[in-house]
Amino acid sequence: MTARPGRGRSSCARLSRAALGCLLLAVLDPSKAAAQALTSDLFNPQRGAFVPAQDMPFRKLGDNTTADDAAASAGTPLDPNQRRGRAAPAPSRVGVPNDGLGVPSSIGDSGFDALNRNRKQPKYYPGQARPKPSPGPGTPPPKPPQVNAMGDLRLSIPPSDSANKPPVAPAMAGTVPGQPQRRRLKVDDDPFGAVGDYWGAFLVKSAVELSGGYDTNPARINESHGLPVWVVAPEFLAVSNWERHALVADLRGSFTGYGGSLPATIDGGPSPAPTNVNRPDFIGHVDGRLDVTDDTDIAAQLRLTVATDNPGSPNVQVGLADYPIYTTVGSTIGFDQRFNRLTVSGGATIDRTDYQNSRLTDGEVTSNGDRNFTQYGGVGRVSYEVMPGLKPFAEVEGDTRVHDEQFDRNGYQRDSTGGYVRAGTSIEFTRIVTGEISIGYEARNYVDPRLSRLEGMLVASSLVWTATPLTTAKFYSDTQIAETTLAGSPGVLVHTYTFEVDHDFRRWLTGIGRFTYGTYDYQGADRDDQTFSLEGDVIYKMTRNVWIKGTLRRDVLDSNVVNASSKATVVMLGVRLQN
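Conventions used here
Residues numbered from 1 in each chain as written. Predicted model: local features only at pLDDT ≥ 70, side-chain atom pairs only at ≥ 80, totals over all residues. Heavy atoms only, no water. Helix = DSSP H or I, 4+ residues; strand = E, 2+ residues; numbered from the N terminus. Buried < 20%, exposed > 50% of the residue type's maximum accessible area, 1.4 Å probe, protein only. Contact = heavy atoms within 4.5 Å. Polar contact = N/O pair within 3.5 Å; in protein donor to acceptor, adjacent residues only side chain to side chain. Core = buried A, V, L, I, M, F, W, Y, C linked by side-chain atoms within 4.5 Å. Salt bridge = Lys/Arg side-chain N within 4 Å of Asp/Glu carboxyl O. Patch = residues over 30% accessible without salt bridge, like charges linked within 9 Å, V, L, I, M, F, W, Y side chains within 5 Å. Areas by Shrake-Rupley, 256 points an atom, 1.4 Å probe, with all protein chains shown as cover. Pairing = 2+ DSSP bridges. Phe/Tyr/Trp six-rings, centres within 6.5 Å; stacked < 30°, edge-to-face > 60°. pLDDT = per-residue confidence, 0-100.

(A) Up close: the overall build of the chain. When helices and strands are counted, the chain shows 5 helices and 23 strands. Counting only residues that meet the buried cut, the chain has 28% of its 579 residues in that class. Considering only residue pairs separated by 6 or more positions, the chain has 55% of its internal contacts joining residues 24 or more positions apart.

In structure tokens form, the structure reads like this:
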């Protein structure tokens, strides 16, 4: 029976073998067997004190502070024994050498890092707009916070951004997914202009002006008699909104009434003016265009004029109770043909003029049938667009007038033929100067050999000059050959020139100055009249629908006939209602 060795002897044997191994290791490589130095780190009670700070797995991202940096920042140099006991940085495990600088400083400090640790969250000032998180993948990134004019974050928001607003439909707000971008509306040139309403495919604008004041000489006679005056002036405009073709209706009128009547006799004789000087004035037209092809249009117009003879005119009979009203109904049908830049236009016209019977102060009624006539005519025009904004043209017109009665009240045959030739150009230079100007010759021959030929220069223009964004100058001129009842006179050649300046002192306050000069040449009767009119208007635009208008006008009629001149001053104040 074998006896086991004693416990004491086994322990001695194991101790001897360990000592023999250490002795052998010391002989082979003394550096491997060096004893660990005793430092203060071995007795540090803090967790992780045995691992360098840059190698700790739970360190802050971007925190490159070491003991050396901490001691240097605190102003306390490290003990050499402490420096000797610090371990070197561990080699990189992804093939990139570790230079001991830690995490690069360019990495952000918000969100999450690779270990899913929450980084430092951004701080916002009170009231600062906060970006909204993205609802999910595939959506655009949120907009950055708003900045002020200096480029800094906006610390406050205007009250309009946080005010309680009515909800807007997504289709109107443009927030429907896949919805195309809404078209930008053009800038409103007149913030106080009428907006109008859509009736089907038509844009309709309407207005009415109500005004009252005083007229020092409503009859425009040599001996003035003033009367209070009131005016009602309605307007109507309808414009089609079709992709092709077009239809426009423009109707404007007025009725001028006076608060009283004029005397029937002046200086013991019958008055040259009616006792009732109320009179209407209306002009309207309806224009249509039919687009046959891209280069061919058929155009038509229907027009209506309702008026009376002008106060102070020699055509006004003596001893009238009121002005006889006349109406002119006309129509034009024609075409426009374009050959690239060349445009050829032509049309046929017909107009019918009828006068009411004259009612005298003594109750007698006289006929004006000798003044009724029908005019047939035609007009042609050729224009060529030299450049955008410059389009010269030449126009020719001819007509024939046929009266209902062969002889008038003075025994003259008033049937005639006439026409005009004119040339000019359309102007549009950078929207500063726009319009049309022309010059020509107009003449009319009468059947009665006792009536001479009526002729004269024809000047017609319509120019608008936008001097500044607040000031606009306009110039209008027109020439007409009108009928007359004067014995021995074939007619009257009328030239009218108007110059107007509009200025906006504010968007809601506009001043208008207008000067009009006219000449009336009664050929064959040795009478020449000149008219001067100076007018000033002030318009206060309260809203788009309500305007207040004040008018001061001075009218002068200068005639070479004795006691035919007159002067008048008109003061008006009214309101304009429009939509």
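After that view of the structure, there is still more to cover.
(B) View of the environment of leucine 493. Along the polypeptide, leucine 493 turns up in strand β19 (residues 491-506). Expressed as a C-alpha distance, the spacing of leucine 493 and threonine 479, which sit 14 residues apart in the sequence, is 7.3 Å. Among residues more than four places away in sequence, those in contact with leucine 493 are Leu454, Glu455, Gly456, Thr479, Gln480, Ile481, Thr519, Tyr520, Asp521 and Gln523.

(C) Inspection of unusual backbone geometry at higher detail. Positive phi values are uncommon outside glycine, yet aspartate 526 reaches one of about 55°. Within the secondary structure, aspartate 526 sits in the loop between β20 (509-523) and β21 (527-541). With a phi close to 60°, asparagine 563 is a non-glycine residue in the positive phi region. Judged by its relative accessible area of 60%, asparagine 563 falls in the exposed class.

(D) Region of interest: the side chain of serine 559. With respect to the helices, strands and loops of the structure, serine 559 is situated in strand β22 (residues 546-559). Only 2.6 Å separates the side chain of serine 559 from the side chain of aspartate 529, close enough to count as a polar contact.

(E) How the structure looks around the nonpolar core. Ala219, Leu262 and Val277 are the most contacted members of the largest nonpolar core, which totals 16 residues. The dominant element in this core, judged by the number of residues it contributes, is strand β3 (residues 227-240), at 3 residues. Look past the residues within four positions of alanine 219 in its chain and what remains in contact with it is Leu262, Ala273, Val277, Pro311, Gly312 and Tyr323. Among the nonpolar cores identified, the runner-up in size contains 6 residues, and Tyr446, Leu451, Leu454 and Leu493 belong to it.

(F) A look at the pattern of salt bridges. Scanning the entire structure with this criterion turns up 28 salt bridges. Where aspartate 322 meets arginine 359, a salt bridge forms, and the shortest distance between an N and an O atom there is 2.7 Å. Separated by 37 residues along the polypeptide, aspartate 322 in the loop between β8 (296-308) and β9 (325-339) and arginine 359 in strand β11 (residues 358-359) bring together distant segments of the chain. Across the pair aspartate 502 and lysine 474 runs a salt bridge whose closest N-O atoms are separated by 3.6 Å. Taken together, the residues aspartate 502 in strand β19 and lysine 474 in strand β18 (residues 471-482) connect sequence positions 28 residues apart. For aspartate 502, a relative accessible area of 15% translates into the label buried. A single salt-bridge network, built from bridges that share partners, covers Glu209, Glu235, Asp250, Arg252 and Arg576.

(G) Spotlight on the environment of aspartate 555. In this fold, aspartate 555 is placed in strand β22. On the accessibility criterion, aspartate 555 (15% relative accessible area) is buried. Separated by 15 residues in the primary sequence, aspartate 555 and valine 570 place their C-alpha atoms 8.2 Å from one another. The residues touching aspartate 555, leaving out its near neighbours within four places in the chain, are Arg220, Phe532, Ser533, Ser566, Lys567 and Ala568. In this structure the side chain of aspartate 555 is engaged in a polar contact, spanning 2.9 Å, whose partner is the side chain of arginine 220. Looking at aspartate 555, its side chain comes within polar contact range of the side chain of arginine 553, at 3.1 Å.

(H) Region of the structure containing a nonpolar patch on the surface. A cluster of nonpolar side chains, contributed by Phe339, Leu342, Val382, Tyr384, Val386, Met387 and Phe429, occupies part of the molecular surface with about 610 Å² of accessible area. Relative to the helices and strands, methionine 387 is located in the loop between β13 (373-384) and β14 (390-403). Under the relative-accessibility criterion, methionine 387 is labelled partly exposed at 40%.

(I) Expanded view of the pairing of β21. In this sheet, β21 lies alongside β20 in antiparallel orientation, the contact comprising 14 bridges. When the bridges of β21 are listed, glycine 511 appears paired with valine 538. Bridging between β21 and β22 involves 13 bridges; their strand directions are antiparallel. Bridging from a neighbouring strand, serine 533 pairs with aspartate 555 of β22.

(J) Broad picture of the side chain of threonine 353. Looking at the secondary structure, you find threonine 353 in strand β10 (residues 342-355). Taking the relative accessible area as the measure of exposure, threonine 353 reaches 6% and is therefore buried. A distance of 3.2 Å separates polar atoms of two side chains, one belonging to threonine 353 and the other to threonine 328.

(K) Examining the packing of aromatic side chains more closely. Under the defined criterion, the tally for this structure stands at 6 aromatic pairs. Measuring from ring centre to ring centre gives 5.4 Å for phenylalanine 202 and tryptophan 242, while their planes differ by 75°; the resulting arrangement is edge-to-face. Of this pair, phenylalanine 202 sits in strand β2 (residues 202-215) while tryptophan 242 is found in the loop between β3 and β4 (246-258), placing the two residues 40 residues apart along the sequence. According to the relative accessible area criterion, tryptophan 242 is partly exposed, its value standing at 38%. A ring pair is formed by tryptophan 230 and phenylalanine 255, whose centres lie 5.8 Å apart and whose planes are at 40°; its orientation type is tilted. Of this pair, tryptophan 230 sits in strand β3 while phenylalanine 255 sits in strand β4, and the two are 25 residues apart along the sequence. For tryptophan 230, a relative accessible area of 40% puts it in the partly exposed group. Classification of phenylalanine 255 as partly exposed rests on a relative accessible area of 34%. An aromatic cluster is built from Tyr497, Tyr517 and Phe532, whose rings are joined through pairwise contacts.

(L) Quick look at the pairing of β10. Sheet topology note: the β9/β10 ladder contains 14 bridges and is antiparallel. Residue pairing for β10: phenylalanine 339 is matched across the bridge by leucine 342. Hairpin connection between β9 and β10: a loop of 2 residues separates the two successive antiparallel strands, and asparagine 340 in this loop has a positive phi of roughly 60°. With 12 bridges connecting them, β10 and β13 associate as antiparallel partners.

(M) Structural detail: the confidence of the model for the chain. With 76% of its residues at a pLDDT of 70 or more, the chain shows a mean pLDDT of 83. Low pLDDT (under 50) marks residues 100-106, which in the prediction has 7 contacts with non-local residues, meaning those over four places away or in another chain.

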